Amino acid sequence: MKKFSISLVGGGSTYTPDMMEMLCLVKEKFPLKKITMYDVNAERQNVIGQYGEVLFREFYPELEEFVYTTDKEEAFTDIDFALVQIRQGGLAMREHDEKIPLKYGCVGQETCGAGGFAYGMRSIGAILDLIADIRKYSKEAWILNYSNPAAIVAEATKRVFPDDKKVIHICDMPISIMDIYTPLADGRTRHDVEPRYFGLNHFGWFTHLYDKKTGVDVLPIVRDRMLNDKNAAEELGFTGKNDDYWNFTFNHLFQMVKDFPQSLPNTYMQYYLYPRRMVEHSDISNTRYDEVKKGREKRVLEFCKEIGRRGTMKGTPYDLTVKYGNDDADNFQKATIAHNDAHATYIVELAMSIAGNLNEVFLIMTKNNGIIPNIDSEMMLEVACRVGANGAEGLNVGPIASFEKGLLENQYAYEKLTVDAAMEGSYQKALQALVLNRCVNDAETARKILNEFITVNGDYFPKLI
Ligand code: NAD
Ligand code: G6P
Ligand code: MN
């Protein structure tokens, strides 16, 4: 079997240790010869790189080479896959994205509403440059990207690299939703079902969950239990495992299903359908940024430092043979250093479906092109696709109803204007984008938020005239 070379871009990401662990767990099905980590911040990446050295030495002796670098040529030459997760501006800018809109009574969120707009303005240039850099050294590499805000980044990529079918933008939220709620269908797991879903990233709906063996759609079972069974949330057991933010969000989905029972919405719809409730629930002095700073970031970096200091994982609870035992099927789902079971699993599953031409179904971002005939054919849908060695092929959805169509068209107009604003340097289009966003709406408020964003983002923002 061919041995692949992978570059982990944004090597200092809090999610990188899980990806490295996952690559160890699948080494037989997806053998690698070289893993490279690349980041612009050497100091941050070194901490995770030193953990990687221990991990691979002890659990991936077959790996020929592991390096971490800030040199693009070294990182991107002769690679088969780049798994990308960068955060332009870092968590420091995320804090502003969340807190400035809240100051004006609007939703303050990483990827939704005005915060997602600001993150988009920073990310577009960074991701486009990165894709160009990777293409300079590896013309055929698959670029699998998690960096947010994925909808906006995907729209920008489509415009600048229209013929590059090897750049795929993905999100772990739909798959996390499946992981959490599918057990309501008589104990099935997400691997037992094949989803059908449509929308934009962080703005969509599951329409079907087909049992892989029988073809029966079990989404109605999940929905009926969410509507009628008071014990359903408790049975799912997400409380206790997650931070407050995620507990609230996963519980809130029950409310959304009650109000809109025709499908199973993405959890991120909470910001667009209940913006007032989401603002009321927020605390400007303790947003998700604060939770991540004190929680995941601290935990992951301390963990990596500790392993680096010890120089071994053997005999600790982190020893992979202790942590996972020999149960292969189970292992695949649970790299959990970041406490996000789906994240590493999903991107590695995607890479494996490409590498092995498995043609499995993934929810990814792709151009509409008639998948939904009654909306813009240019829209970057998040939708079920079969993915193999020739890339992603979207599965037909068919015409959609007025409610979802209206919401999507409005949101897509916002996303397009955001990309226009960044690429043309247009203040006016930035203002229009924010006014169209359901989480902002009011023009006077939009202008205040925009002006503050321009000030705090400095050179991270394109110059808006
Ligand atoms: P993080 O800030 O912990 O890590 C990001 C890393 O990227 C940092 O080490 C930073 O130095 C590096 N970086 C920034 N700009 C870079 C560039 N131009 N080139 C190379 N490296 C660069 O962030 P995180 O919380 O681990 O999240 C990483 C990214 O993944 C974010 O964009 C986040 O929104 C995204 N994410 C997406 C999904 C999804 O569903 N699509 C899920 C989780 C996280
Ligand atoms: C989910 C979403 C990502 C988002 C992340 C934020 O995984 O799909 O797009 O970046 O949540 O999580 P955090 O723990 O950083 O708030
Ligand atoms: Mn996402």
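Data block above holds the structure.
Residues numbered from 1 in each chain as written. Chains lettered and ligands numbered in written order. Predicted model: local features only at pLDDT ≥ 70, side-chain atom pairs only at ≥ 80, totals over all residues. Heavy atoms only, no water.

## Thoughts on the coordination of the manganese ion (ligand 3)
Only Cys 171 (SG) and His 202 (NE2) from the protein coordinate the manganese ion (ligand 3), and they sit 2.2 to 2.3 Å from it. Here the residue Cys 171 occupies a position in the loop between strand E6 (167–169) and helix H7 (173–181), and His 202 occupies one in the loop between strand E7 (193–200) and strand E8 (203–211), the gap between them amounting to 31 residues. Given the relative accessible area of 7%, Cys 171 is considered buried. (Donors = N, O, S within 2.8 Å, 3.2 Å for Na, K, Ca; no water. Helix = DSSP H or I, 4+ residues; strand = E, 2+ residues; numbered from the N terminus. Buried < 20%, exposed > 50% of the residue type's maximum accessible area, 1.4 Å probe, protein only.)

## A short note on the site of ligand 2
For ligand 2, the set of nearby residues contains 14 residues, the closest of which are Arg 94, Asn 148, Asp 172, Arg 288 and Arg 296. The side chain of Asp 172 places a nitrogen or oxygen atom 2.5 Å from an oxygen atom of ligand 2. Between ligand 2 and His 202, the relevant distance is 3.1 Å, taken from an oxygen atom to a side-chain nitrogen or oxygen of the residue. Starting from 390 Å² of accessible surface for ligand 2 in isolation, the protein chains cover 91%. Among the elements that take part in the shell around ligand 2, helix H13 (residues 288–310) stands out by supplying 3 residues, more than any other. Among the residues forming the shell around ligand 2, the class breakdown is 6 nonpolar, 3 polar and 5 charged. (Near = heavy atom within 4 Å. Polar contact = N/O pair within 3.5 Å; in protein donor to acceptor, adjacent residues only side chain to side chain. Areas by Shrake-Rupley, 256 points an atom, 1.4 Å probe, with all protein chains shown as cover. Nonpolar A, V, L, I, M, F, W, Y, C, P; charged D, E, K, R; others polar.)

## What to know about the sheet that holds strand E12 (residues 391–394)
Spatially, the 3 strands line up as an open sheet ordered E10-E11-E12, and their pairing is antiparallel. A strand with exactly one partner marks an edge of an open sheet, and here the two such strands are strand E10 (360–367) and E12. Ignoring strand direction, the axes of neighbouring strands in this sheet form an average angle of 50°. In terms of strand pairing, strand E11 (residues 380–388) meets E12 through 4 bridges, oriented antiparallel. (Pairing = 2+ DSSP bridges. Axes fitted to C-alpha atoms, helices over the stretch in contact; angles between N-to-C directions.)

## A word on the pairing of E11
With respect to burial, E11 is a largely interior element, 8 of its 9 residues being buried. Strand direction decides the pairing type here: E10 and E11, joined by 8 bridges, are antiparallel. Counterpart to Ile 364 in the pairing with E11 is Val 383. As consecutive antiparallel partners, E11 and E12 are separated by 2 residues.

Bear in mind that shape data such as this cannot, by itself, settle questions of function.
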